[in-house]
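# Structure at a glance
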Amino acid sequence: MPDHVHILIEPGVRYSISKSMFTIKKQFAHEANRMLGWNDKRIINFSSAGEQTFVRLREFVNLHHPSYGQKFHWQKSFHDHVIRDQRDFNHHVNYLHLNPVKDGLVKKPEDWPYSCYDAFLKGDLL
């Protein structure tokens with residue numbers, strides 16, 4: 001989404017939700033600011049799964065913010081929700097996929113290029 005993000009994560013023993021969000025937000029902001037010309041440091045090496053995310057980020061920034069003149073920063077907080085059961089999980093997955101449609105960015109979920117919708121349909125995710 002142009003002004004926010006929705007993600008489903010399952011924190012492990014090693015990383016709490018707060019630590020996971022801190023890491024995601026820090027690395028995303030660093031990479032976004034580097035692409036926007038605000039950071040001259042080296043490119044971070046990510047795993048292949050993480051690299052796919054940052055390839056999408058590069059495409060998004062180039063497409064939607066070519067003249068973005070301000071440094072990228074996140075809001076200080078985030079909202080979380082604990083998934084209660086399979087029905088709740090399905091509801092949130094559907095919400096994630098339909099959010100770009102609801103906001104008028106695309107007509108169908110599969111048209112949003114920054115989503116995992118195609119992989120979800122193929123059974124590659126979740």
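Being a predicted model, the structure only gives us computed values, none of them experimental.

Rules behind the numbers
Residues numbered from 1 in each chain as written. Predicted model: local features only at pLDDT ≥ 70, side-chain atom pairs only at ≥ 80, totals over all residues. Heavy atoms only, no water. Helix = DSSP H or I, 4+ residues; strand = E, 2+ residues; numbered from the N terminus. Contact = heavy atoms within 4.5 Å. Salt bridge = Lys/Arg side-chain N within 4 Å of Asp/Glu carboxyl O. Buried < 20%, exposed > 50% of the residue type's maximum accessible area, 1.4 Å probe, protein only. Patch = residues over 30% accessible without salt bridge, like charges linked within 9 Å, V, L, I, M, F, W, Y side chains within 5 Å. Areas by Shrake-Rupley, 256 points an atom, 1.4 Å probe, with all protein chains shown as cover. Expected span 1.5 Å × (residues − 1). Bend = angle between axes of the 7 residues up to and from the residue. Polar contact = N/O pair within 3.5 Å; in protein donor to acceptor, adjacent residues only side chain to side chain.

For the rest of this paragraph, the subject is the environment of Leu96. With respect to the helices and strands, the residue Leu96 is situated in helix H3 (residues 86-102). In the structure, Leu96 is positioned 20 residues away from Cys116 in sequence and 9.4 Å away in space, judged by C-alpha atoms. Beyond its immediate stretch of four places on either side in the chain, Leu96 contacts His6, Ile7 and Leu8.

In this section: the pattern of salt bridges. For the coordinates displayed, the defined rule picks out 2 salt bridges. Between Asp88 and Arg84 there is a salt bridge whose closest N-O contact spans 3.7 Å. We classify Asp88 as buried; its relative accessible area is 6%. Under the relative-accessibility criterion, Arg84 is labelled exposed at 64%. Its salt-bridge partner being Lys102, residue Asp103 comes within 3.6 Å of it at the nearest N-O pair. By relative accessible area, Asp103 is classed as partly exposed at 38%.

So, on to a nonpolar patch on the surface. A cluster of nonpolar side chains, contributed by Val5, Ile7, Ile9 and Ile24, occupies part of the molecular surface with about 300 Å² of accessible area. Within the secondary structure layout, Ile24 lies in helix H1 (residues 17-35).

What follows deals with H3. The end-to-end C-alpha distance of H3 is 23 Å, a good match for the 24 Å that 17 residues give at a rise of 1.5 Å each. For H3, the principal kink sits at Leu96 and spans about 35°; a proline, Pro100, occurs within the next four residues. For H3, the complete set of buried residues consists of Asp88, Val93, His97, Asn99 and Pro100. Those residues of H3 that are buried are in contact with helix H4 (117-122). Regarding H3, its N-cap is Asp85, as a side-chain oxygen of that residue lies 3.2 Å from the backbone nitrogen of Arg87 further along. Downstream of H3 by a residue or two, Gly104 has a phi angle that is positive, lying close to 75°.

Helix length check: H1, at 19 residues, gives a terminal C-alpha distance of 27 Å against a target of 27 Å (1.5 Å per residue), a fit within 8%. Along H1, the positions that sit buried rather than exposed are Ser20, Met21, Lys25, Ala29, His30, Glu31, Ala32, Asn33 and Arg34.

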